[in-house]
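Read off the chains here:
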Amino acid sequence: MREYAISLDAKKMPDAWYNVLPDMPSTPTPVLHPATQQPVGTEDLAAIFPMGLIEQEMTTAPTVSIPGEVMDRYLMYRPTPLRRAYRLEEALKTPAKIYYKNESVTPSGSHKINTAIAQAYYNLQEGVHSLSTETGAGQWGTALSIACSMYEMACKVYMVRVSFEQKPYRKSFMEAYGASVIASPSDTTEIGRRMQKENPGTTGSLGMAISEAVEVAVTSGGKIKYSLGSVLNHVCLHQTIIGEEAKLQLDSVGEYPDVVIGCVGGGSNFAGIAFPFVQDKLRKNLNTRLVGVEPAACPTLTRGPYAYDYGDTGKMTPLMKQYTLGHNFVPPGIHAGGLRYHGVARTVAQLVHEGVIEAISLYQNPCFKASLIFAKCEGILPAPESSHAICAAMDEAVRCRESGEKKTILFNLSGHGHFDLTAYDAYLRGDLQDYDLDEEILEKGRASIPDVKEPA
Ligand SMILES: *Cc1c(COP(=O)(O)O)cnc(C)c1O
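Only a predicted model underlies this, so the values are computations on that prediction, with no experimental measurement involved.

Moving on, we get to the side chain of Glu245. Along the chain, Glu245 turns up in helix H11 (residues 233–252). Non-local contacts of Glu245, meaning those with residues more than four positions away in its chain, are made with Leu8, Met13, Pro14, Arg78, Pro79, Thr80 and Lys101.

Once that is clear, we can look at the pattern of salt bridges. A complete count under the given rule lists 27 salt bridges for this structure. With a closest N to O distance of 2.7 Å, Arg84 and Glu89 form a salt bridge. Glu175 is the salt-bridge partner of Lys171, the closest N and O atoms lying 3.9 Å from each other. Placement of both Lys171 and Glu175 in helix H8 (residues 168–176) is noted, with a separation of 4 residues, approximately one turn of the helix. Judged by its relative accessible area of 25%, Lys171 is partly exposed. In this structure Glu175 comes out as partly exposed when scored by relative accessible area, which is 37%.

We now examine the site of the ligand. The local shell around the ligand holds 18 residues, among which Lys112, Ser230, Gly265, Ser268 and Ser414 are the closest. The backbone of Gly265 places a nitrogen or oxygen atom 2.7 Å from an oxygen atom of the ligand. In the model, a nitrogen atom of the ligand is placed 2.7 Å from a nitrogen or oxygen of the Ser414 side chain. In isolation the ligand exposes 380 Å². Once the protein is present, 98% of that is buried. Residue composition of the shell around the ligand, by class: 4 nonpolar, 12 polar and 2 charged.

With that settled, the discussion passes to the sheet that holds strand E11 (residues 289–295). The strand order across the open sheet built from 7 strands is E1-E4-E5-E15-E10-E11-E14, with neighbouring strands paired in mixed fashion. Each end of this open sheet is capped by a strand with a single partner; those strands are strand E1 (5–6) and strand E14 (358–362). Looking at chain direction, strand E5 (residues 97–102) and strand E15 (residues 408–413) are connected through 6 bridges and run parallel. Among the inter-strand pairings, Tyr99 is bridged to a residue of E15, identified as Leu410. Of the strands in this sheet, E1, strand E4 (82–84), E5 and E15 touch H11, which is tilted by about 140 degrees from E5. The sheet strands contacting helix H12 (residues 268–284) are E5, strand E10 (259–263), E11 and E15, and the helix crosses E10 at an angle near 155 degrees.

What counts and what doesn't
Per-chain numbering applies: the sequence of each chain, read as written, is numbered from 1 onward. Per-residue local features of the predicted model are confined to residues with pLDDT of at least 70, and side-chain atom pairs are confined, for both listing and counting, to 80 or more; whole-chain, interface and lining totals are unaffected and use all residues. Side-chain calculation: all heavy atoms of the structure are included, whereas hydrogens and water are not. Here a helix means four or more residues in a row that DSSP labels H or I, a strand means two or more in a row labelled E, and each is numbered from the N terminus. Whether two residues touch is decided by their heavy atoms; if any such pair falls within 4.5 Å, the residues are in contact. Take a side-chain nitrogen of Lys or Arg and a carboxyl oxygen of Asp or Glu: if they are within 4 Å of each other, that pair is a salt bridge. Relative accessible area decides the class of each residue, using a 1.4 Å probe on protein chains only: under 20% of the type maximum gives buried, over 50% gives exposed, and in between gives partly exposed. When we say a residue is near a molecule or strand, we mean one of its heavy atoms is within 4 Å of it. Distance and chemistry together define a polar contact, namely a pair of N or O atoms within 3.5 Å, with one atom able to donate a hydrogen and the other to accept it when in protein, and with adjacent residues in sequence counting only for side-chain atoms on both sides. For the accessible areas, the method is Shrake-Rupley and the probe is 1.4 Å, while residue cover comes only from the protein chains on display. Note on residue classes: Ala, Val, Leu, Ile, Met, Phe, Trp, Tyr, Cys and Pro are nonpolar, Asp, Glu, Lys and Arg are charged, and everything else, Gly too, is polar. Any two strands with at least two DSSP bridges between them are considered paired. Every axis corresponds to a line fitted to the C-alpha atoms, with the helix fit spanning only the stretch in contact, and the corresponding angles, defined between N-to-C directions, vary from 0 to 180 degrees.

Shown next, in the form of structure tokens:
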């Protein structure tokens with residue numbers, strides 16, 4: 001009998017998150033204060049984050065144990081199934097084995113709730129009852145809304161204006177859980193008013209929405225803290241539950257991946273599936289390939305320089321060394337909204353820089369095509385973001401067909417696409433454009449990258 005879904009006994013759930021920092025092949029790059037350009041201290045971050053998360057942001061401990069209360073929430077939907085894509089393998093006539101971790105079965109429909117629950121919990125521990133955040137496509141806002149409702153906390157979401165208008169049901173989803181949702185840039189913050197004045201009629205961007213949500217926290221006198229859904233170390237840390245479970249599940253069927261694939265927006269779901277395998281690769285000297293996939297319309301890792309940059313348009317966030325298209329870069333309106341970020345997690349960036357992780361970029365049309373083949377074989381309609389990982393995994397499987405190699409491929413299905421039907425509709429009508437970013441557009445974005453000297 002075929003075992004399509006490989007489960008994991010809840011009693012065998014990993015009880016700690018894996019921290020990649022102590023395993024990094026070279027010293028992690030310091031995070032710098034946006035004004036002084038000197039390394040930030042915990043006190044600098046205390047205006048926006050609770051100490052529990054600041055400690056996790058900086059810790060070099062090899063693991064961080066998962067609090068019982070967070071584990072209890074995880075157990076509502078974790079462990080998520082690891083699935084063997086037998087039918088997809090057959091459709092591709094590949095000798096490769098394809099496995100995927102199904103994060104689409106969470107309450108929010110994506111991996112993001114894994115960190116949302118943890119972040120809400122650590123805030124509540126320190127008496128914070130209100131969070132502000134930004135959301136692009138709406139996945140992160142949804143996840144944080146659900147997590148806040150679990151702990152009866154307030155949640156204020158700045159939603160990129162173009163998504164706010166295109167995806168009214170995302171807003172309803174968040175409001176159903178009690179969140180307040182504001183189109184960004186808005187009139188509710190100083191920075192939002194300024195950005196509207198400087199860019200009349202702007203459709204907004206993640207960078208702008210982050211600035212607004214940070215301002216709300218900074219000016220709240222400690223009542224409201226800010227929460228980010230990707231990029232930061234503590235976010236990547238929480239997501240490692242994905243890869244750790246996958247490792248145990250694969251082990252239970254006597255498998256180990258040759259290739260691990262994830263899509264990359266800010267880098268957190270990729271870090272989640274890949275970092276536990278980075279650990280083995282570095283400690284045991286394995287040659288596992290770890291592949292991050294980004295859209296050709298927002299080619300951060302593949303075409304951005306490795307440099308210090310801000311995380312937001314308003315230059316309120318700390319400076320981090322990363323691959324970046326420039327904090328002013330506004331990517332074309334592709335449908336994988338969650339992959340339209342100018343920068344990336346600094347751990348992922350450094351591992352790409354050192355050759356531990358590979359990065360590739362794909363156009364959206366082949367991704368949607370792959371996504372529908374996957375949907376027909378596996379019965380799950382993927383998020384447009386996840387379709388990038390699927391397409392890369394299928395390309396790898398097809399190469400195996402040609403070479404006869406029996407590789408084991410693992411990818412992360414970061415979420416489902418039930419709120420992305422407008423995108424599928426556009427694809428099916430043949431209305432989706434593939435954007436080739438010319439040097440001119442990239443150069444314009446690059447011009448906003450600050451000239452930062454790394455402290456000696
Ligand atoms: C947000 C999102 C992503 C991209 O964010 P990362 O932090 O890079 O993981 C990918 N897939 C889905 C479904 C998302 O919601």
